[in-house]
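Architecture at a glance
Given next are the chains, with one letter for each unit.
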Amino acid sequence: MSTSPTSPAPLTVTVTGAAGQIAYSLLFRIAAGDAFGERPVALRLLEIPAARRAAEGVAMELSDSAFPLVQSITVTDDQDEGFAGADAVFLVGAKPRGKGEERSDLLIGNGRIFGPQGRSIAANASPDVRVLVVGNPANTNAAILDAHAGLDAGQVTAMTRLDHNRSLAQLADKLGVTTTRLTSMTVWGNHSTTQFPDVAELRLDGKPVADSLDSSWVDEEFIPRVAKRGGEIIEVRGSSSAASAASSAVDHMRDWFQGTPADDWVSVALRSDGSYGIPEGLFASFPCRSVDGTWEIVQGLELDERQQERIRATVAELESERDTVREAGML
Ligand code: NAX
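From a predicted model like this one, the values you see are computed outputs, not experimental measurements.

On to the overall build of the protein chain. A count of helices and strands for the protein chain gives ten helices and 14 strands. For the protein chain, whose C-alpha radius of gyration is 19 Å, the value lies close to the compact-globule estimate of 20 Å for 331 residues. Projected onto its principal axes, the C-alpha positions of the protein chain cover 55 × 45 × 40 Å. Residues classed as buried in the protein chain amount to 50% of the 331 residues present. Surface accessibility of the protein chain: about 14,400 Å² in total, with carbon and sulfur atoms responsible for 48%.

Here it is in structure tokens:
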């Protein structure tokens, strides 16, 4: 757990929900250097008091792994301590939907977590902090957090990278190729079943490939399968996606810190600036490139009526989520 005197300064990385399923994979991937390269990390594991002891157990295992890049591990249930000096924050912890609860209860219950977390991040984290919201409903949680944190546009993001990666996997399987040969996939909108995994710009070895995909397969099999993949995993595995979610969170942060290739993009949910007619302020997934550590929405893609209709549907859901939390005074 010590670094040589010549090591660069460690990055402070906070993970909430540290005793949960996703964190059990995510923390070890971060510790191994998968997200931040060879940079040493000071890990902050933030939990609620009831799960603090379990998080201490995770910290013991992290320690026992003797990761060369891990400079320190702190376990806390104090938000301000958890976010102090944070350079990168993974907000994984969230309130799951309780028995008999409506979606609006879920939105409001999570708003009670993400509003205060936004204020604590603003007061305690590094001014350049980069925040990824994983906990669901991720887009609206991110919108609430963003409103309370008052950070610059683009510092707060929500995760649609798992949907993006799931799309690439389905397409690679269909085309009989590896995912590494596919580029320019986009997931638009909400991380929910209304999301729009869009293959219009997809490239295989740099060449457009959408026309060779059967449109009825795309509409009737591919899109619903990606959108409902979370449910399929629960049915087959017996519990929700954890390692794949952690892997996508690692991909998201790695690309944010280290950049995306100039000839590709990835899917990121962030505060809309009005691009592609998506109302300003809404947290929607867009095609994005990471340039000098900042997400930029890819501009200039042409959208036909069919694409626009699907985007309108997922945007309508995001607007309704926004209205629910706004009525509850959280935005
Ligand atoms: P778990 O229930 O295993 O773990 C969640 C942990 O968060 C628990 O240990 C809990 O004590 C903690 N927690 C709750 N409130 C907290 C708070 N205020 N501060 C700190 N910790 C808190 O869930 P897990 O399977 O790890 O999933 C975590 C979240 O990710 C869920 O909301 C889930 O729906 C969401 N997902 C989001 C995905 C995405 O693509 N955006 C995909 C995977 C996943 O479904």
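From this point on, the discussion continues.
This part covers the UniProt feature "binding site: substrate" (unreviewed entry) in the protein chain. According to UniProt, the "binding site: substrate" (unreviewed entry) feature falls on Arg97, Arg103, Asn136 and Arg166. Over a stretch of 70 residues, the named residues are scattered through the fold, their C-alpha atoms separated by up to 24.5 Å. Restricting the annotated residues to those that line the largest pocket leaves Arg97, Arg103, Asn136 and Arg166. For arginine 103, the location among the structural elements is in helix H4 (residues 103–124). Every residue in contact with arginine 103, bar those within four places of it in the chain, is listed here: Arg97, Pro137, Asn190 and Glu321. Within the secondary structure layout, arginine 166 lies in helix H6 (residues 161–175). Beyond its immediate chain neighbours, meaning those up to four positions away, arginine 166 contacts Val226, Arg229, Gly230 and Ser241.

All right, on to the packing of aromatic side chains then. Under the defined criterion, the tally for this structure stands at eight aromatic pairs. In textbook terms, an aromatic cluster arises when at least three aromatic residues are bridged by ring pairs, as seen for Tyr24, Phe28 and Phe67. Directly above the ring of phenylalanine 257 sits arginine 130, whose terminal nitrogen or CZ lies 3.9 Å from the centroid.

So, about the pairing of strand E12 (residues 266–271). Taking burial as the measure, the six residues of E12 include five buried ones, the bulk of the element. In this structure, strand E6 (residues 156–158) lies alongside E12, joined through two bridges in antiparallel fashion. Looking at the pairing, threonine 157 lines up with leucine 270 of E12. As judged from the six bridges shared by E12 and strand E13 (residues 283–291), these two strands associate in the antiparallel manner. Residue arginine 271 lies in a different strand from E13, and its bridge partner there is phenylalanine 283.

This part covers the pattern of salt bridges. For the structure shown, the criterion picks out 17 salt bridges. Arginine 181 serves as the salt-bridge partner of aspartate 205, at 2.7 Å between the closest nitrogen and oxygen. Residue aspartate 205 is found in the loop between strand E10 (203–204) and strand E11 (207–208), and its partner arginine 181 is found in the loop between H6 and strand E7 (182–183); the two are separated by 24 residues along the sequence. For aspartate 219, the salt bridge goes to arginine 310, with nearest N and O atoms at 3.6 Å. Within this pair, whereas aspartate 219 is found in helix H7 (residues 215–227), its partner arginine 310 is found in helix H10 (residues 305–327), the two being separated by 91 residues in sequence. Accessibility expressed as a relative area gives 25% for aspartate 219, which makes it partly exposed.

Time to look at the UniProt feature "domain: Lactate/malate dehydrogenase N-terminal" (unreviewed entry) in the protein chain. As recorded in UniProt, the feature "domain: Lactate/malate dehydrogenase N-terminal" (unreviewed entry) lies at residues 13–156. The straight-line gap between the two end C-alpha atoms of residues 13–156 is 15 Å; of that span, 44% is helix and 18% is strand.

Below, the discussion takes up the site of the ligand. Taken together, 24 residues lie around the ligand, and Gln21, Ile22, Glu47, Val134 and Asn136 are the ones closest in. At 3.2 Å from a nitrogen atom of the ligand is found a main-chain nitrogen or oxygen belonging to glycine 17. Here an oxygen atom of the ligand and a side-chain polar atom of asparagine 136 are 2.8 Å apart. When the ligand is considered free in solution it has 880 Å² of accessible area, and contact with the protein chains removes 80% of it. The pocket occupied by the ligand, as judged from atoms lying within 2 Å of grid points, is the largest pocket. Secondary structure elements with two or more residues in the shell around the ligand: helix H1 (21–31) and H4. Classifying every residue of the shell around the ligand by side-chain character gives twelve nonpolar, eleven polar and one charged. Split by domain, the residues of the shell around the ligand number at least three in each of domain 1 (11–158) and domain 2 (161–322).

Definitions and limits used
Residues numbered from 1 in each chain as written. Predicted model: local features only at pLDDT ≥ 70, side-chain atom pairs only at ≥ 80, totals over all residues. Heavy atoms only, no water. Helix = DSSP H or I, 4+ residues; strand = E, 2+ residues; numbered from the N terminus. Rg over C-alpha atoms; globule rule 2.2 N^0.38 Å. Buried < 20%, exposed > 50% of the residue type's maximum accessible area, 1.4 Å probe, protein only. Areas by Shrake-Rupley, 256 points an atom, 1.4 Å probe, with all protein chains shown as cover. UniProt positions renumbered as here; feature names shortened; annotations may be inferred. 1 Å grid on protein atoms, 1.4 Å probe; cavity = no way out; pocket = protein on both sides within 12 Å on 5 of 7 lines; lining within 4 Å. Contact = heavy atoms within 4.5 Å. Phe/Tyr/Trp six-rings, centres within 6.5 Å; stacked < 30°, edge-to-face > 60°. Lys NZ or Arg CZ within 6 Å of the ring centre and 35° of its normal. Pairing = 2+ DSSP bridges. Salt bridge = Lys/Arg side-chain N within 4 Å of Asp/Glu carboxyl O. Near = heavy atom within 4 Å. Polar contact = N/O pair within 3.5 Å; in protein donor to acceptor, adjacent residues only side chain to side chain. Sits in = over half its atoms within 2 Å of the grid points. Nonpolar A, V, L, I, M, F, W, Y, C, P; charged D, E, K, R; others polar. Domains from an automatic or database assignment.

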